[in-house]
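In case you want the letters, here they are:
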Number of protein chains: 2
Amino acid sequence: MSDHITTTSAKKPLILNGFAMTVPGHVSAGVWRHPSDQSQNYTKLSYWTGLAELLDKGGFDNLFIADALGPLDVYGGSPDAALRSAAQQPLNDPLVLVAAMAGVTKRLGFGVTVSTSYEQPYLLARKFSTLDHLTKGRVAWNVVTSILESAARNLGHDAQMEHDERYERAQEFVDVCFKLWEGSWEEDALVRDRASGLYSRPEKVHPIHHHGSYFSVPDAHLSAPSPQRTPLIFQAGTSPRGREFAAQNAEVVFLGGTNPAQMRASVEAIRARAVELGRDPQSLKFITAILAIPAATEAEARAKEADYLAHTSIEAALALFSAWTGVDWAQYDLDQPLEYIETNAGRSALRGLTAKDAGRRWTVRDIAEYIGLGGIHPKFVGTGAQIADQMEALAEEAGVDGFNIAYAVSPGSFEDFITYVVPELRARGRLTPEGAGQTLRGRLLGHDRLGPDHPGAGFRALWDGPSVLDQDYRAASAPERLKA
Amino acid sequence: MSDHITTTSAKKPLILNGFAMTVPGHVSAGVWRHPSDQSQNYTKLSYWTGLAELLDKGGFDNLFIADALGPLDVYGGSPDAALRSAAQQPLNDPLVLVAAMAGVTKRLGFGVTVSTSYEQPYLLARKFSTLDHLTKGRVAWNVVTSILESAARNLGHDAQMEHDERYERAQEFVDVCFKLWEGSWEEDALVRDRASGLYSRPEKVHPIHHHGSYFSVPDAHLSAPSPQRTPLIFQAGTSPRGREFAAQNAEVVFLGGTNPAQMRASVEAIRARAVELGRDPQSLKFITAILAIPAATEAEARAKEADYLAHTSIEAALALFSAWTGVDWAQYDLDQPLEYIETNAGRSALRGLTAKDAGRRWTVRDIAEYIGLGGIHPKFVGTGAQIADQMEALAEEAGVDGFNIAYAVSPGSFEDFITYVVPELRARGRLTPEGAGQTLRGRLLGHDRLGPDHPGAGFRALWDGPSVLDQDYRAASAPERLKA
């Protein structure tokens with residue numbers, strides 16, 4: 001059992017994820033133009049094995065890889081701006097990349113974003129089992145439902161599913177996966193005895209008999225159990241339905257934004273809902289993202305920040321912001337002041353973009369410049385000690401357990417973080433201790449498998465013969481299924 | 001231009017693929033029980049990186065990875081026998097494995113089996129582009145349509161699509177992929193200029209406007225062009241509709257079976273049909289599979305064969321044979337003599353199982369014992385010279401250009417092949433010459449990209465503005481689309 005769980009002191013380790021995407025650049029719009037950026041090499045194996053080695057040796061817990069499934073074409077109603085400025089375009093597949101990094105790393109986890117909206121759970125479960133085998137239990141799945149209309153359009157839908165329906169499908173999708181991972185192969189199903197010729201015990205490999213609204217998966221899991229069985233479950237998305245999904249399924253929740261009070265409210269709401277669903281509230285961890293620009297002195301860090309800022313692109317920033325908000329920002333004058341942003345997700349007051357900036361009057365240009373470096377995430381600039389202070393303060397204020405560390409340039413920003421910030425965090429007892437666990441879940445949560453309070457663990461009941469879990473899936477709503 | 005294409009002498013190089021599957025064992029039923037077999041380690045990264053390194057250094061061109069998408073449950077109407085005897089069960093995903101092997105190899109290609117029946121072309125195209133980038137052009141796609149009812153059942157279909165309809169869907173699937181790979185990004189679309197901030201030229205990245213019977217993909221490819229653009233296209237399946245598909249799409253056709261005369265007939269029929277479709281008949285290569293058991297002397301090789309035979313499993317063999325034929329062989333007495341096999345694909349005379357055995361009277365047990373070692377493929381046992389003789393003779397008689405080399409034990413069978421047979425083949429000028437090309441297609445066909453006569457290359461016309469290819473896909477049948 002690691003300190004993560006039992007210690008309530010302020011000095012518990014912070015989860016450290018490298019935050020990346022299989023694109024040139026990532027959240028820092030246009031900064032691929034900087035002479036030191038190598039993220040253009042995202043198509044090369046050596047770029048990723050180098051990055052993974054760096055993070056693994058540098059004290060990071062995990063590489064968190066974002067994804068999207070369509071062109072970014074809200075800005076100006078076309079993908080042109082995103083293509084011109086490389087705003088997360090072009091875009092490769094993250095899942096087929098992971099195995100390449102497993103061989104050059106010892107403890108680093110790999111958290112891969114895969115949407116439940118366009119895959120089949122029977123096949124995706126096999127993909128994650130395969131990667132969990134190959135990495136010896138170091139894989140996480142960032143479960144998303146996709147926000148892009150452009151993805152739906154290219155994947156067989158005239159328009160994307162309505163928001164809450166996407167989550168209904170997502171819930172059934174992960175339930176099928178949990179059944180395959182947790183409820184299909186018993187612990188002693190695999191024998192592999194050369195003498196008798198018995199490889200698996202059929203009576204211990206259970207068909208899951210799933211017949212739901214979206215999926216029908218009658219048979220057993222194709223893959224034998226992997227070290228974690230279920231990959232560590234990440235989740236991002238804080239709509240009311242997203243919070244419900246997180247409370248039920250997530251082990252690590254990724255909260256975006258810049259407002260610590262809002263984050264804390266999300267943390268508390270999700271934990272409270274998890275308790276209602278029978279989960280240990282401390283079994284859910286929360287992370288948020290930051291951009292860190294550290295250097296030997298604050299002045300050097302500020303100079304570095306200015307240098308990166310000079311390489312940002314307003315066009316790239318607005319292409320990203322348009323995709324994230326669903327608003328075409330090309331229709332506004334750059335100097336137009338804004339009171340609020342009306343998006344698909346409702347009205348957001350701009351005054352609250354950062355706590356420090358409360359009361360500031362934002363123009364479209366201000367937003368683009370803010371997003372240009374580090375996206376919508378807080379930017380910490382200074383010495384290693386200053387940044388460690390800010391991280392500790394944000395973790396305390398927002399109630400989060402760790403961070404996705406975004407970059408301005410890659411791998412330079414990670415090298416700087418490892419040089420200046422990691423030693424500070426280590427000295428403060430903020431790094432996951434050596435030997436904290438062989439699997440990713442073991443390191444972060446103290447146990448290799450889904451905790452017994454996790455709803456997915458309930459599907460282990462399939463081993464014990466027919467139960468309510470084995471009945472017609474459609475007959476029970478999710479909370480009823482959980483309580484039965 | 002390699003000798004492959006221009007030389008018509010008998011001494012042209014033979015394509016050499018390692019033949020494997022992400023399972024314990026593979027085509028040799030039950031031989032995972034042999035003390036030297038390590039294929040049980042198929043879940044481990046080191047098993048695959050070791051195998052890939054061995055083949056890469058040992059003169060092989062490619063690792064061909066088979067796949068299936070469901071339990072093997074025809075035999076006895078349940079998956080029990082396949083689970084007990086590890087007849088290609090349990091089963092991991094091959095596509096997410098490939099990147100791990102790229103870093104430890106220099107020239108080896110990776111041919112991965114993926115069915116068109118349960119994936120989305122917009123996403124699968126991105127997966128192959130990503131792997132083609134990471135491997136620097138060493139990826140092949142073995143296009144299959146899936147034969148298992150058990151796959152359909154777990155992937156959202158009450159029963160699988162009718163055979164010819166599977167191929168209709170497959171044709172539209174690969175056409176969408178060809179449009180994305182060949183017709184979307186022009187050669188000079190990618191600029192990546194740090195000074196001007198121009199990454200891609202939007203006017204050179206073309207939406208494919210695909211609206212067909214099965215798929216609607218209006219937008220451009222998400223990934224930038226990879227070294228081969230289109231992965232080398234393998235195809236297996238010799239039904240009439242399968243041959244049509246091969247003639248139109250395949251660059252390397254995998255022919256199963258044991259009868260050279262039947263293989264030659266397939267080769268000639270597919271080449272003839274390719275000519276009608278406007279293709280250079282020599283641009284299609286053909287391979288078949290063999291099991292080779294070489295040793296320093298013929299006596300040692302025979303002893304080795306007997307040792308492997310002692311580890312085969314009749315249950316595993318019949319579980320495999322039942323899945324392949326769609327016939328439940330559990331219903332027959334093992335000693336029942338058989339005249340023919342009535343399968344989904346029609347009646348097969350057993351007399352013709354091997355040319356040598358013409359006239360032999362087969363029982364169910366005979367079939368199981370034959371299949372136990374090397375599956376339905378010819379078995380060559382002897383010294384390196386004897387096996388090289390047999391390979392040359394079969395290539396000549398069947399008109400094929402190379403082989404999938406199956407194993408009894410892995411990696412032992414490959415080590416033996418490299419020790420005893422490869423030097424013979426090299427001495428006879430039968431290995432692909434060093435420096436024959438950086439990409440897999442370059443090495444095997446002499447050019448890195450799809451040849452201009454390949455129908456997929458026709459979709460490059462999208463670059464030149466609207467054309468018949470850009471019109472309503474449903475309006476034209478495949479041959480009309482090609483000729484227009």
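Residues numbered from 1 in each chain as written. Chains lettered and ligands numbered in written order. Predicted model: local features only at pLDDT ≥ 70, side-chain atom pairs only at ≥ 80, totals over all residues. Heavy atoms only, no water.

A.B. asks: What is the right way to look at the interface of chain B and chain A in this model?
C.D. replies: A common way to state how big an interface is: give the accessible area lost once the parts meet. On the side of chain A, 70 residues touch chain B, which itself brings 70 residues to the contact. At the boundary of chain B with chain A, total buried surface from both sides reaches about 6100 Å², with 58% on carbon and sulfur atoms. Together, Val96(B), Arg194(B) and Tyr199(B) form the three largest contributors to the area buried by chain B at its contact with chain A, with a combined 13%. One can count eight salt bridges joining chain B with chain A. Summed over the shared surface of chain B and chain A, the number is 32 residue pairs in polar contact (both at pLDDT 80 or more). Among the secondary structure elements, those contributing two or more residues to the side of chain B that touches chain A are helix 2 (45–57), helix 3 (80–85), helix 4 (98–102), helix 5 (121–134), helix 6 (149–154), strand 5 (190–193), strand 6 (198–200) and strand 8 (216–217) of chain B. With eight residues, helix 5 of chain B is the single largest residue contributor to the side of chain B that touches chain A. Looking at the side of chain B that touches chain A, its residues break down into 37 nonpolar, 18 polar and 15 charged. (Contact = heavy atoms within 4.5 Å. Buried area = accessible area lost by both parts, 1.4 Å probe. Salt bridge = Lys/Arg side-chain N within 4 Å of Asp/Glu carboxyl O. Polar contact = N/O pair within 3.5 Å; in protein donor to acceptor, adjacent residues only side chain to side chain. Helix = DSSP H or I, 4+ residues; strand = E, 2+ residues; numbered from the N terminus. Nonpolar A, V, L, I, M, F, W, Y, C, P; charged D, E, K, R; others polar.)

A.B. asks: So what exactly am I meant to see when it comes to the relation of the copies chain B and chain A here?
C.D. replies: The relation between the two copies of this chain is a rotation about an axis and a shift parallel to it. The operation relating chain B to chain A is a screw motion whose rotation component is 180°, with 0.0 Å of axial translation and a residual RMSD of 0.0 Å. As the rotation angle and translation indicate, the two copies are arranged about a two-fold axis. With an isologous cut-off of 70% or more, the 100% of interface residues of chain B that recur at the interface of chain A puts this contact in the isologous class. (Least-squares fit on C-alpha atoms with pLDDT ≥ 70 in both.)

A.B. asks: Please explain the UniProt feature "binding site: FMN" (unreviewed entry) in chain A as it appears in this structure.
C.D. replies: Residue and element names in this part refer to chain A. Using the residue numbers shown here, the UniProt feature "binding site: FMN" (unreviewed entry) corresponds to Asp67, Thr113, His163, Tyr167 and Ser239. Taking relative accessible area as the criterion, Thr113 reaches 4% and is therefore assigned buried. With sequence-adjacent residues up to four places away left out, Thr113 is seen in contact with Phe64, Ile65, Ala66, Asp67, Pro94, Asn142 and Val144. Within polar-contact distance, the side chain of Thr113 engages the backbone oxygen of Ile65 at 2.7 Å. Within the secondary structure, Tyr167 sits in helix 7 (residues 163–183). Relative accessible area serves as the criterion here: at 6%, Tyr167 is assigned to the buried category. Here Tyr167 is in contact with Thr145, Gln235, Ala236, Gly237, Ser239, Arg241, Gly242 and Phe245, once residues within four sequence places are set aside. (UniProt positions renumbered as here; feature names shortened; annotations may be inferred. Buried < 20%, exposed > 50% of the residue type's maximum accessible area, 1.4 Å probe, protein only.)

A.B. asks: Explanation requested: helix 8 (residues 240–249) of chain B in the structure shown.
C.D. replies: Residues separated by three or four positions in an α-helix point in the same direction, a consequence of the helix having 3.6 residues per turn. Counting buried positions over the 10 residues of helix 8 of chain B gives seven, a clear majority of the element. Taken together, the buried positions of helix 8 of chain B are occupied by Arg241(B), Gly242(B), Phe245(B), Ala246(B), Ala247(B), Gln248(B) and Asn249(B).

A.B. asks: What is the right way to look at the environment of Leu431(A) in this model?
C.D. replies: With respect to the helices, strands and loops of the structure, Leu431(A) is situated in the loop between helix 14 (412–427) and helix 15 (440–445). Every residue in contact with Leu431(A), bar those within four places of it in the chain, is listed here: Pro13(A), Leu16(A), Gly59(A), Val422(A), Leu425(A) and Arg426(A).

A.B. asks: Can you help me understand the side chain of Arg126(A) in this one?
C.D. replies: By the element assignment, Arg126(A) lies in helix 5 (residues 121–134). The class of Arg126(A) is buried, set by a relative accessible area of 2%. Among the polar contacts listed, one links the side chain of Arg126(A) to the backbone oxygen of Asn92(B), at a separation of 3.0 Å. Once residues lying within four places of it in the same chain are set aside, the contact partners of Arg126(A) are His221(A), Leu222(A), Ser223(A), Asp67(B), Ala68(B), Leu69(B), Leu91(B), Asn92(B), Asp93(B) and Pro94(B).

A.B. asks: Teacher, can you tell me more about unusual backbone geometry here?
C.D. replies: Glycine aside, residues mostly have negative phi angles, and peptide bonds mostly take the trans form. Here the residue pair Ser410(A) and Pro411(A) is connected by a cis peptide bond, since its omega of 0° sits within 30 degrees of zero. Along the chain, Pro411(A) turns up in the loop between strand 17 (402–406) and helix 14. Across the junction of Gln89(B) and Pro90(B), the peptide omega takes the value -10°, indicating a cis bond. Structurally, the position occupied by Pro90(B) is in the loop between helix 3 and helix 4. If you check the backbone angles, Lys136(A) has positive phi at about 55° while not being a glycine. Relative to the elements of secondary structure, Lys136(A) occurs in the loop between helix 5 and strand 4 (139–144). The residue His209(B) is not glycine, and still its phi comes out positive at about 50°. You can see His209(B) is positioned in the loop between strand 6 and strand 7 (210–211).

A.B. asks: It is not clear to me how the pattern of salt bridges should be interpreted in this structure. Could you clarify?
C.D. replies: Two side chains bearing opposite charge may form a pair once their charged atoms approach each other closely. For the coordinates displayed, the defined rule picks out 57 salt bridges over all chains. Here Asp67(A) and Arg126(B) are joined by a salt bridge, their closest N and O atoms 2.8 Å apart. Here the residue Asp67(A) occupies a position in the loop between strand 2 (62–66) and helix 3 (80–85), and Arg126(B) occupies one in helix 5, the pair thus bridging two chains. The residue Glu315(A) makes a salt bridge to Arg84(A) at a minimum N-O spacing of 2.7 Å. In this pair, Glu315(A) sits in helix 11 (residues 314–325) while Arg84(A) sits in helix 3, placing the two residues 231 residues apart along the sequence. Owing to a relative accessible area of 31%, Arg84(A) belongs among the partly exposed residues under this scheme. If you follow the salt bridges from partner to partner, you end up with Asp389(A), Glu392(A), Glu424(A), Arg428(A) and Arg430(A) in one network.

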